[in-house]
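Structure at a glance
Letter by letter, the chains look like this.
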Amino acid sequence: MKRRRFLILGSVLGLSPYMQAKEVSDFEKRFKKLAPTLSAVQEHLFPEGSNIPSAKSMNVTQFLFETMMHKSFDKDIKAFVLEGAKELEHREKGRFISMTDQEKEKALRAYEETNYGRNWLSRIMTLTMEGLFSDPIYGSNIQEAGWQAISSYGGLPRPTTRYIEL
Amino acid sequence: MSVYDVVIVGSGASGGAVAYTLCQAGYKVAVLEKGRLIKREEFSKDELAYCRRDLVTPNLFDEYHTIEEKVDGEWITTPTYESGWSFWNGNIVGGSSNLMSGMLHRMHPDDFRLKSKYGEIEGANVVDWPISYEELEPYYTLTEELVGISGRVDKHPFEPPRSTVDFTQPPTKENAVVKLFDKSCQSLGITPLVTPRAVLSKDKPGRDACYYSNFCGSYGCSSGAKGSSREALLKPALATGNLTLLSNTYVKYLHTDKKDEVSHAVVVDTVTGKEKKIKGKIFVVAAQAHESARLLLNSANAYHPEGLGNSSGELGKNLIFSGGGSGQGELHKDSLKHIKFKELMTTGLFVNRSILDWYFIDHWWDGRFKGGSVEFMFEHQNIISRARKNGYEDGKLVWGKDLGERLVSRFTEQKSIRFEVFNDWLPNDNCFVSLDPVHKDKFGMPVGKLRVEGHPQDVKVGNYIAKKCEKVLEEMGAKNIYSAISSAPPQNLVAGGCRFGNDPKTSVLNKYCRSHDVKNLFVADASFMPTGGSVAYTWTIYANAFRVADHIVEALKKRA
């Protein structure tokens, strides 16, 4: 399985400048631009009133940004996260964030029908869960609300710094 | 520049065992480790850091392998930075022994003479070992005591004989699920055995007993209970004052001034990028099987054009992994038998059960062949990865409130029990490591190219055993049982590539794991194994490295 291929194939936009974005500040700028779309997707996948804490209450978009900024994060996936959000907006003609819940559901289920969209949604799901269920030191899972919801807690000792920075 | 008595490349199980023995005997030893040091008090159970990012293994864009697999009849090579399929296993001081689950077994005496016992298998390069179980037994016992393996001796026809009556450490504490497991096995006529585990159940000098953190495999141990090379061997070796531990030190190649002698290792300080030489009288390569072969191949020079110690042409050949796979079933709150759900949900305690009944098969209908071993355990307790498994239904992603309900139910109303099958990965001509002709790592050295095809027999045996294990889970009342036996190599169970043997024409190492060609060069890790047995390698790696170390001590005495 070629990762790059499955990340890129199927995107209408193909390789956009994000893939080449090298500057940290450049990535930050682009992320900020797409953050409303990413938040809207995360909030749709993890809504209020669920048995587990909502995306809105758990700071997951900021988590997404911070975890992708760490040097250990895969640079291809980093680009893919932004590409996929851009692609979604492209498909929905820039309307996604202003849609009703029902419209969002329809749009995301349609996106899921494509291999590319399915991979992207699956990735956003994974990254959001990484926030919800990782140690609160990473900025999400606030007051262990994620762990409490499923009565499962991280082991001891807990980390005192992020990413084993000793 | 100082000249060490012994220079060891790699600080994992085998490097640690050699360092320990040599330092205790009074020799000056340098251990070169590519990774950094993480001390006991610095480890934590941080799932994001240890299990979801490459923080204890190299970033695949910096250091990687290329993997060759047959697709539609053609060999296709994929770099691991493309696939994300890392073949690194813990590049920190102590190596992957820091991160193991520690479910260990000795190999059986017949594993040392597989060819004599079962004959040729077409398409497989099976040979007998040049040593017998009897020669390794004292070192299995030494490992048990020194590294600290807890367990209990139960009589079983396929349990290897032992020179001591019982383990010095009783088994670690067990979850009540073992009552259900044992009962189910008994009603099927299967003998459940307590798994020997490299985790202390009682304090040992300098190390505290297990505190049942619930997150053992994939994590460093915070009490020192786990028998890692770092805790059990490197720390006492450092205490002798004879060990120089050089972490963040990447070895590019070994240099020979003369045909039959290594003079120094050329290394890079991974922090400063500075290159330097480390001189020694004896060199021991212990970098994990595929990397040890790669280092020797990368050490080719005018005397050794095909790689250091490769006059046989066997260097890198007959790489082996472990055959088998795993299976799982769910124990549900509403249908649980014999034990209370609350007991089942108690966290941290071990399952500690294995089955050896199918290690050798001799059946009127099924035939006579070498089988394998099985370990039973709970599904890994990692929260993110367990949560992530609930993401699909009928091929569609589950999200929204449905997802919330599924997660809460999965985490609070059931617990998954799992088995892992270990059977021989038959050595064959299409499983080996060579140097990639194109790809280089960030230090400018050619990366290892791994061709990883298994033998069809491995999958057959794996499936045979998995079906029997599914019956055990059924008898336990588990739901949604499945198993997956695969011919894909488990990258954490790797051996071979530098076969030992008596004939220099067909093997890389002699029976003491010394190079046939280069008299001061040893390979101490699992590379030496011509066949792998049907158990995890770690106990055998420790034991053999202690044996090799004793031989090096003798060799150094003679030199003096």
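Figured I'd write up the structure that's included with this text.

Evaluated as defined, the whole model comprises six cavities of 30 Å³ or more. Considered as a void within the structure, the largest cavity measures approximately 120 Å³ in volume. Considering only residue class, the lining of the largest cavity consists of seven nonpolar, one polar and five charged. Taken as a whole, the second largest cavity spans an internal volume of roughly 80 Å³. Residue lining of the second largest cavity: 14 residues in total, with A:Trp147, A:Gly154, A:Gly155, B:Lys45 and B:Glu47 positioned closest to the centre. Classifying every residue of the lining of the second largest cavity by side-chain character gives six nonpolar, three polar and five charged.

With that settled, consider the sheet that holds strand 5 (residues 192–194) of chain B. Residue and element names in this part refer to chain B. Read from one edge of the open sheet, six strands run 5-12-15-18-11-21, paired in antiparallel fashion. At either margin of the open sheet sits one strand with a lone partner, and together these are strand 5 and strand 21 (479–485). Averaged over all neighbouring strand pairs, the angle between strand axes comes to 25°, with direction disregarded. Note: strand 11 (residues 323–332) against strand 21, five bridges, orientation antiparallel. Counted as the bridge partner of Ser326 is Ala484 from strand 21. Contacts from helix 6 (residues 177–187) reach strand 5, strand 11, strand 12 (353–355), strand 15 (372–378) and strand 18 (414–423) within the one sheet, and its direction differs from that of strand 12 by about 20°. In the packing of helix 11 (residues 401–412) onto the sheet, the strands contacted are strand 11 and strand 18, and the crossing angle to strand 18 comes to about 70°.

Here the focus is the nonpolar core. One finds B:Leu22, B:Leu32, B:Leu254 and B:Ile552 to be the most contacted residues of the largest nonpolar core, which totals 107 residues. Looking at this core, the element that brings in the most residues is helix 13 (residues 538–559) of chain B, giving eleven residues. Leaving out residues up to four positions away in the same chain, B:Ile552 has contacts with B:Val6, B:Val18, B:Leu22, B:Ile282, B:Val284 and B:Phe522. Grouped together as the second largest cluster of nonpolar side chains are 64 residues, A:Leu34, A:Leu121, B:Phe43 and B:Ile92 included.

Conventions we followed
- Residues numbered from 1 in each chain as written.
- Chains lettered and ligands numbered in written order.
- Predicted model: local features only at pLDDT ≥ 70, side-chain atom pairs only at ≥ 80, totals over all residues.
- Heavy atoms only, no water.
- 1 Å grid on protein atoms, 1.4 Å probe; cavity = no way out; pocket = protein on both sides within 12 Å on 5 of 7 lines; lining within 4 Å.
- Points joined across faces, edges and corners; volume = space filled by probe spheres on them.
- Nonpolar A, V, L, I, M, F, W, Y, C, P; charged D, E, K, R; others polar.
- Pairing = 2+ DSSP bridges.
- Helix = DSSP H or I, 4+ residues; strand = E, 2+ residues; numbered from the N terminus.
- Axes fitted to C-alpha atoms, helices over the stretch in contact; angles between N-to-C directions.
- Contact = heavy atoms within 4.5 Å.
- Core = buried A, V, L, I, M, F, W, Y, C linked by side-chain atoms within 4.5 Å.
- Buried < 20%, exposed > 50% of the residue type's maximum accessible area, 1.4 Å probe, protein only.

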